[in-house]
Amino acid sequence: MQNKGLIKLFAFLFGLVSIYQLSYTFITNKVEKDATVFATNRVSESEEDYLEKREELEAQYLDSIGNNSILGYTSYNDAKKKELNKGLDLKGGINVTLQISVKDILKGLANNSKNPVFNKALADADVASKSSNAPYLELFFNAFDKIKGDTKLASPDIFANKTLSDAINFQMTDDQVKPIIRTKIDESIVSAFEVLRERIDGFGVTQPNIQREGNSGRILVELPGARDIARSQDLLSSTAQLEFWETYKPSNPSLGNFLQAANERLKSLVNVDQPEATAKPESELDSLLSDINQDTEDFSPAANPLFSLLLPANPNGNAFVSAAIKDTATIGEYLRMKEIRKLIPADMQFVKFLWERPSEGAEVVGLYALKSNRDNTPRISGDVVTDAAAVFDQFNKPAVSMSMNTRGAKEWEKLTGDAFNNQTGIAIVLDNKVYTAPGVSSGPISGGRSEITGNFTINETQDIANVLRAGKLPASAEIIQSEIVGPSLGQEAINSGFSSFMIAMAIVLIWMIFYYGKAGIFADIALLFNILLIFGVLVSLNAVLTLPGIAGIVLTIGMSVDANVLIFERIKEELAKGKGRGQAIADGFGNALSSILDANITTGLTALILFIFGSGPIKGFATTLLIGIVTSLFTAIFITRLLIDWYSEGKGRDLDFSTAITKNLFRNINIDFLSKRKISYVFSAVLIAIALFSLFTQGLQQGVDFVGGRSYTVRFEKAVNPSEISSELNDVFGSGTNVKTFGEANQIKITTAYKVDVEGIEVDNEIQNKLYTSLQKYLPDGTDFDSFIIGSGDKSLGILQSVKVGPTIADDIKKNALLAILGSLAVVFLYILFRFRKWQFSLGAVAAVAHDVLVVLGVFSIFGTLMPFNMEIDQAFIAAILTVIGYSLNDTVVVFDRVREIVAEKGWKAGENTNQALNSTLSRTINTSMTTLVVLLAIFIFGGESLRGFMFAMIVGILVGTYSSLFIATPVMYDSLTRKDKKEE
């Protein structure tokens, strides 16, 4: 081997850099372990809320030593930024996909146009978006073109307005306006991206990840380690739409008259169930609305649909009524009815009703009546705010201080003057919630400084100031996909992933020594160096390690021995021909190179397609697989060669590539594979027929990734009956709610499509509340709602993981999965055609891969409901299918490479030499398959519940793929060759 010195230097530097990169991870782990010991020694388990106290102490410890020098070249704070990124499934936290509303941006660009054609086009685009994956903007343009008539996009009341006057004029055609609007939309999405990034930077989460997904208006945000999930969701979905409104006086007679008229009208509009107890003291409503004289004591919901839900307002505030939080949705629905809006008195016809933001632990909130106008615009908007900070008010309570620009200061002075003169309040509204509505007691306020006060926590004021400084989102942001993983589940994933990793590593290392003796030791050294390089590259690229990523590394361990096996088997063949050891080693490496490259390139192509079309953890799997393929090639071809050359060149050193037990294994085998091809055709045809019959009759269990919905992994203290829980939850969420055991008997997975079309955190909270209420009897006494949501301490009870996928993104995931599979088949067909120059080789490879995919799908269809682990078809399953495709092609290409080599030397000879090629690679095929299979079994058994379905698909795929490379791919290739082809060879 030439340039050994250069290769040694490169390997040394590559290894040194990897160790340096990983050193930061070792340092942070050591410091955090010290922090845990520090907190544990100071807070006993007997103390109340000991876990929270320990977490607080750990944080204080890490803050105190954060900038101290460690080993002279880093500090904890510095190392934390450079450590190996752990994904959501290993660290816990939240991963969401936000959909920025392009409709909102369009309405903003058109200055909330009232043009009927414009608004009809928006409505039509809304309908079309439910059944189309096309971008919303293109759907809007298509809808507008169909109905526009003489109306143009450049109409004065659409886009040729004052706001866009520098870009669009009245003379422009629609084709001229469209690219401008596309640019404006893209700029708004970029603005939203930057706003979210600034908010996240101020949130304090280490190693956050935020990415744009093309031009779809979607933004992916991952916050590993985030504990306060509700706070995270509010931070991400809040538009920070700050507004200042003047309120109506609570004692305004028109308000009381309206409520009374609305109550009377609702009696004929709604049907309300009659509760057992209906009487209420007359004085309660009298104190609520002193100007309404009631002549009845019947306050039942049926007799008083609205009044029965209302409570007295705080007499010291500017809310005019109050209500229980659980009733606000019903009251809001009543007040939005067209029949009720018609009853509003003329002097307040544009009134805007908004609820108070509920403080922590509150059960009742106030309802405010705000002075609005025809355009429903506030007196002052949040765009006048130039700075915001978390402060403490005069009573030493957390508050938010704001500064305004010159325009805002003038408007603020006028608004406070009006409120003082009218003796009304000023409602400070953030995202349609009234945060505070103080009165003005000392006349107009100049200078443009104001303060938001209320029942806030310090975290809340920090978040409010953070989003106000970052600015408002240019449009609403809905969470269309989310995954929330509790920290305890993340730690379990690390433990199970590490266990499977070490067991698989040990098995492979021992097997290589058992089978190849001393040469196996050198292969093991190269393999260990390969693992070091994989982790070093992961850290260098700032990639995220996920649980599927660990599976990808473990799979790389199994597959990386393939290159060494190919090399060692070829060396053994050269030795059998009587060549000297040095020449045999050189020829063995040289002859194996073509097969190694072809096999790894085909596997790499499928991994690349998986990386392009996958998302989240699946992208992590593809990342580690791609890195593993590259590093495996380097270590197998160069590092193993260096070690073998070094050893074999020493005097008196004998290097055999086998042991006494394995020396004669698979030698002199002469199986006539081609003569058995008809049997294999029939056998495979039967398998495929059974698979297709099951697929068409029974189908597949599609996960929420493909159909949309929400799933929750819930753990209990004792074993539960999933059928019993399923029956109860179907009564709550409707039919179709699926409950099954997930892992141990005390853990279940709940999947529901309840309100799958409705976006918003409110629906997520509603479902979690319903789950808590329904499952409370199965939980230990005293388990409150907060403990149920985040998991109960060390016992890790309650919801450990939740996943939400909206129907739109589910369609996209399904489409991408299909494209990934078809794309991988097409790319591999073309690559094999390019390498082997005959379409018959491509046909044989694709036939074998299609056979493998259909059989795996059939197995999942037949046994989907019978196996004691999750066998849903989701993104992880697609990753498994693509990996099976890659593995099957790896095997097939090695066989084809040997067929090409032998046939080029000896011709076809009626298939005799094709059989010889199959027999000569049989040792490699079985060796690699068995090694990979054992590794997969280790992950299947020890890798955790979330990976079992994924690994099962891989195990079935490896078995079927090994069979198909021998009995399908090569026979199909041979049979498709014409006599002329065979004669030419």
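A.B. asks: Explain the nonpolar core here, please?
C.D. replies: In terms of nonpolar packing, the biggest core is built from 127 residues, with Phe 535, Leu 538, Phe 568 and Phe 877 touching the most fellow members. Ranked by residues supplied to this core, first place goes to helix α28 (residues 875-906) with 16 residues. Not counting the four nearest positions on each side in its chain, Leu 538 is found in contact with Leu 84, Ala 543, Leu 545, Ile 553, Thr 623, Thr 624 and Ile 627. With 46 residues, the next largest nonpolar core counts Tyr 136, Leu 137, Met 172 and Leu 236 among its residues.

A.B. asks: Just to check I follow, could you spell out unusual backbone geometry for this structure?
C.D. replies: Trans peptide bonds make up most of the peptide bonds, and negative phi angles are found at most residues other than glycine. Positive phi values are uncommon outside glycine, yet Leu 71 reaches one of about 60°. For Leu 71, a relative accessible area of 69% corresponds to the exposed category. With a phi angle near 50°, Asn 112 is a residue other than glycine that sits in the positive phi range. Within the element layout of this structure, Asn 112 appears in the loop between α5 (102-109) and α6 (116-129).

A.B. asks: What am I meant to see in the sheet that holds strand β15 (residues 426-430) here?
C.D. replies: As a general point, the strands of a sheet are linked pairwise by backbone hydrogen bonds and lie either parallel or antiparallel. Overall, antiparallel pairing links the four strands, which are arranged β12-β7-β15-β16 in an open sheet. Lying at the two open borders of the sheet, with one neighbouring strand each, are β12 (380-381) and β16 (433-436). As paired strands, strand β7 (residues 242-246) and β15 are joined by five bridges and run antiparallel to one another. If you follow Phe 244 over to β15, its bridge partner there is Ile 428.

A.B. asks: How should I be thinking about the sheet that holds strand β18 (residues 477-485) in this particular structure?
C.D. replies: Spatial ordering of the open sheet is given by β5-β6-β4-β18-β23-β20-β22-β21, a layout of eight strands whose pairing is antiparallel. Two strands close off the open sheet at either side, each with one partner strand: β5 (209-213) and β21 (738-741). Strand-to-strand, the axes of this sheet are offset by a mean angle of 20°, without reference to chain direction. The pairing of strand β4 (residues 93-100) with β18 spans eight bridges and is classified as antiparallel. Following the sheet pairing, Gln 99 is matched in β18 by Glu 478.

A.B. asks: Sorry if this is basic, but what is going on with the packing of α5 against α6 here?
C.D. replies: Geometry of a packed helix pair, given as the angle between the helix axes and the separation of the axes. At a closest axis distance of 11 Å, the pairing of α5 and α6 adopts a crossing angle of 175°. Taken together, the axes of α5 and α6 lie roughly antiparallel to each other. Residue-level contacts link Lys 103, Leu 106 and Lys 107 of α5 to Phe 118, Leu 122 and Asp 126 of α6. Residues belonging to the contact of α5 with α6 are distributed by class as follows: three nonpolar, no polar and three charged.

Calculation notes
- Residues numbered from 1 in each chain as written.
- Predicted model: local features only at pLDDT ≥ 70, side-chain atom pairs only at ≥ 80, totals over all residues.
- Heavy atoms only, no water.
- Core = buried A, V, L, I, M, F, W, Y, C linked by side-chain atoms within 4.5 Å.
- Buried < 20%, exposed > 50% of the residue type's maximum accessible area, 1.4 Å probe, protein only.
- Helix = DSSP H or I, 4+ residues; strand = E, 2+ residues; numbered from the N terminus.
- Contact = heavy atoms within 4.5 Å.
- Pairing = 2+ DSSP bridges.
- Axes fitted to C-alpha atoms, helices over the stretch in contact; angles between N-to-C directions.
- Parallel < 35°, antiparallel > 145°, perpendicular 65-115°, else oblique.
- Nonpolar A, V, L, I, M, F, W, Y, C, P; charged D, E, K, R; others polar.

Spatial relationships are all this shows, so hold off on functional conclusions.
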